[in-house]
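# Observations on chain architecture
So the chains spell out like this:
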Amino acid sequence: MSENRPPLHGLKVVELARILAGPWIGQTLADLGAEVIKVEAPGGDDTRGWGPPFLERPDGHGGTETVAAYFHAANRGKTSVVCDFARPDDLAQVKALVAQADVVIENFKVGGLVKFGLDYDSVAAVNPRVVYASVTGFGQDGPRAAQAGYDFMIQGLCGIMDLTGEPDGEPQKVGVAWIDILTGLYGIIGIQAALAERARSGRGQRVDLSLLDTGVAVLANQAMNHLAGGRMPRRMGNAHPNIVPYQVFPAADGHLIIACGNDRQFAALCRVLGLDGIAADPAYASNADRVRHREALCPLIAGRTGVRARSELIAALDAAGVPAGPINTVGEALDDPQIAARGLVIRPEGLPGLRTPLVFSRSPLALDRAGPLLGGGAMRFAADDEDVGSPTA
């Protein structure tokens, strides 16, 4: 019954991608039920060696395969096939795969697949329904198109590092490959939009994804602050440029986050902290007033939070309807009872992982397979049983 199938069951995907952004697209599509064949060079995706830590498991031939945990973070649910593009037979098999695919994902340099006949124009000539997602540092055109781009470098270029860190400290990158992940997520949006359009037109198209485009696009309110106000955003540590109080505050035994998004929450915060009269003071009555007078207000709040135990204060604020919480380690976040209740941590084939954070009312995710053994799959798709995104009458 289709009721029990994942949402993208029947979708055929070829992944000609490595490292993170492209594989993140493939893993998410696999979680959603697509059949994803990952084409790897004889040495495998570079991230197979990006450790420690490493994970070991049987290789199916009486030995073990040792692969970095990093690889398993972005390759769950796929089948791996090995292809040396310099070998005509291998290349012919990959061409046969992409000729059958609904989706192709690649992150080669601009023009890098032309000589192999695997570029978009070549693939679309034999498979006009293909949705072909290209992930590059700078996109398919523009003065930087030929340059290689890596997440860390793009974090510097897009402006996010200049906004991250303490005001008097050096710029800081985000603690994960933030732009790679976000580009992968935009890639999934683009692919599914193109599949929806294909259902109307019967024709595929290319989705052109740029790390730099993504990094600039998600600057959100910070970019709008500059575009609308003409002022250059600056590093503010844990403070917010548009909301006060919305930052880290001290407790007697650590730190906590207080995030007041409206005047009611601010008034409740003042009651919990015993700051009588502050909420009604004209200097702090509205958020705009509080932003203008943050240098005076935040020390008043810190003076009251700093003498109370963190857990007691968080509980009091929660009871009063004020958003507040601790600053967890990664381990504490993974062990949170809410994360356990939502089933985010999974163990397909005995290996740990984190599922795609989507829950459907009817459709399950496909979470039973770990990252693939190198070259452990066949260079063919399963038999057709469903046509995803077929044109409507």
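The structure reproduced in this document is the subject of the present report. (Residues numbered from 1 in each chain as written. Predicted model: local features only at pLDDT ≥ 70, side-chain atom pairs only at ≥ 80, totals over all residues. Heavy atoms only, no water.)

## Topic: empty space enclosed by the protein
Over the atoms, a rolling probe the size of a water molecule traces out where space has been left empty. What counts is decided by this rule: Think of a 1 Å grid over just the protein atoms. A cavity is a set of points where a 1.4 Å probe fits yet cannot get out, a pocket is an open set with protein on both sides within 12 Å along at least five of seven lines, and lining residues have an atom within 4 Å of a point. Grid points are joined across faces, edges and corners, and a volume is the space filled by probe spheres set on the points. Nonpolar residues are Ala, Val, Leu, Ile, Met, Phe, Trp, Tyr, Cys and Pro. Charged residues are Asp, Glu, Lys and Arg, and all others, Gly as well, are polar.
All told, the structure shown has one cavity of 30 Å³ or more when counted by the stated rule. In this structure, the largest cavity encloses a volume near 50 Å³. Considering the residues around the largest cavity, the lining is formed by His72, Arg76, Pro348, Leu351, Pro352, Gly353, Ala370 and Gly371. A class-by-class count of the residues in the lining of the largest cavity yields four nonpolar, three polar and one charged.

## Focus: the nonpolar core
Counted only if it meets this: Working definition of a nonpolar core: buried Ala, Val, Leu, Ile, Met, Phe, Trp, Tyr and Cys residues. They are joined through side-chain atoms within 4.5 Å. Each residue is assigned to one of three classes by its accessible area relative to the maximum for its type, calculated with a 1.4 Å probe on protein chains only: buried under 20%, partly exposed between the two thresholds, exposed over 50%. The helix and strand labels rest on DSSP assignments: H or I over at least four residues marks a helix, E over at least two residues marks a strand, and numbering proceeds from the N terminus.
Membership of the largest hydrophobic core comes to 33 residues, with the highest contact counts inside it found for Val13, Ile25, Leu29, Val103, Ile105 and Ile191. Counting only elements with at least two residues in this core, the list comes to helix H1 (21-31), strand E6 (103-106), strand E7 (131-136), helix H5 (151-158), helix H6 (178-201) and strand E8 (205-210). With six residues, the single largest contributor to this core is H6. Listed in part, the 23 residues of the second largest apolar core include Cys83, Val98, Val123 and Val130.

## So, the pairing of strand E2 (residues 35-40)
What counts here: Only strands that DSSP links by at least two bridges are regarded as paired with each other. Handedness is read with the strands pointing away from the viewer; a crossover is right-handed when the path from the first strand over the helix to the second is clockwise.
With five of six residues buried, E2 lies mostly within the body of the structure. The pairing of strand E1 (residues 12-16) with E2 spans four bridges and is classified as parallel. Across the sheet, Val13 pairs through a bridge with Val36, a residue of E2. In this region the chain leaves E1, passes through H1 and returns to the parallel neighbour E2; the handedness of that crossover is right-handed.

## Here we look at the packing of helix H9 (residues 263-273) against helix H11 (residues 294-305)
Which entries qualify depends on this criterion: Angular values range over 0 to 180 degrees, each being the angle between N-to-C directions of two axes fitted as lines to C-alpha atoms, with helices fitted over their stretch in contact. Angular relationships are summarised with four words: roughly parallel below 35 degrees, roughly antiparallel beyond 145, roughly perpendicular across 65 to 115, and oblique for the angles in between. We call a crossing left-handed when the near helix sits turned anticlockwise from the far one by less than a right angle, and right-handed when that turn is clockwise. Every residue pair with non-hydrogen atoms within 4.5 Å of one another is taken to be in contact.
For the pair H9 and H11, interaxial distance at closest approach is 10 Å and the crossing angle is 45°. Of the possible angle classes, the one that applies to H9 and H11 is oblique. In this structure, the crossing between H9 and H11 has a hand that is left-handed. Residues Phe266, Leu269 and Leu273 of H9 form the contact with H11, whose own contacting residues are Leu297, Ile301, Arg304 and Thr305. Residue composition of the contact of H9 with H11, by class: five nonpolar, one polar and one charged.

## Observations regarding the pattern of salt bridges
What counts, and what does not: Only one rule defines a salt bridge in this text: a Lys or Arg side-chain nitrogen within 4 Å of an Asp or Glu carboxyl oxygen.
Per the counting criterion, the structure on display carries 14 salt bridges. In this structure, Glu15 and Lys78 form a salt bridge, with 2.6 Å as the shortest nitrogen-oxygen distance. Here the residue Glu15 occupies a position in strand E1, and Lys78 occupies one in the loop between helix H2 (69-72) and strand E5 (79-82), the gap between them amounting to 63 residues. Neither Glu15 nor Lys78 differs from the other in exposure class; each is buried.

## Considering the side chain of Thr183
Mapped onto the fold, Thr183 is located in helix H6. Setting aside anything within four residues of it in sequence, one finds Thr183 in contact with Val135, Leu209, Ser210, Leu211 and Thr214.

## Points about the sheet that holds E2
If you walk across this open sheet you meet the six strands as E5-E2-E1-E6-E7-E8, and the pairing is parallel. A single partner strand is all that each edge strand has here, and the edge strands are E5 and E8. The sheet shows a mean angle of 20° between the axes of neighbouring strands, direction not considered. In this fold H6 packs onto E6, E7 and E8, with an angle of close to 165° to the strand it touches most, E8.

## Brief notes about the packing of H1 against H6
At a closest axis distance of 8 Å, the pairing of H1 and H6 adopts a crossing angle of 50°. With respect to their mutual orientation, H1 and H6 come out oblique. Like other packed secondary-structure pairs, H1 and H6 cross with a definite hand, here right-handed. Residues Ala21, Trp24, Ile25, Thr28 and Leu29 of H1 pack against Asp180, Ile181, Gly184, Leu185, Gly187, Ile188 and Ile191 of H6.

## Some remarks on the sheet that holds strand E10 (residues 254-259)
The three strands lie next to each other as E9-E10-E11, forming an open sheet whose pairing is antiparallel. Each end of this open sheet is capped by a strand with a single partner; those strands are strand E9 (246-251) and strand E11 (324-325). Bridge count for E9 against E10 is six bridges, and the pairing is antiparallel. Across the sheet, Val248 pairs through a bridge with Ile257, a residue of E10. Packing of H11 onto the sheet brings it into contact with E9 and E10, and relative to E9 it is tilted by some 35°.

## Comments concerning the environment of Thr79
Looking at where Thr79 falls in the secondary structure, it is placed in strand E5. C-alpha of Thr79 to C-alpha of Trp24: the two residues are 55 residues apart in sequence and 14 Å apart in space. Excluding anything up to four places from it in sequence, Thr79 contacts Val36, Ile37, Lys38, Arg369, Pro372, Gly377 and Ala378.

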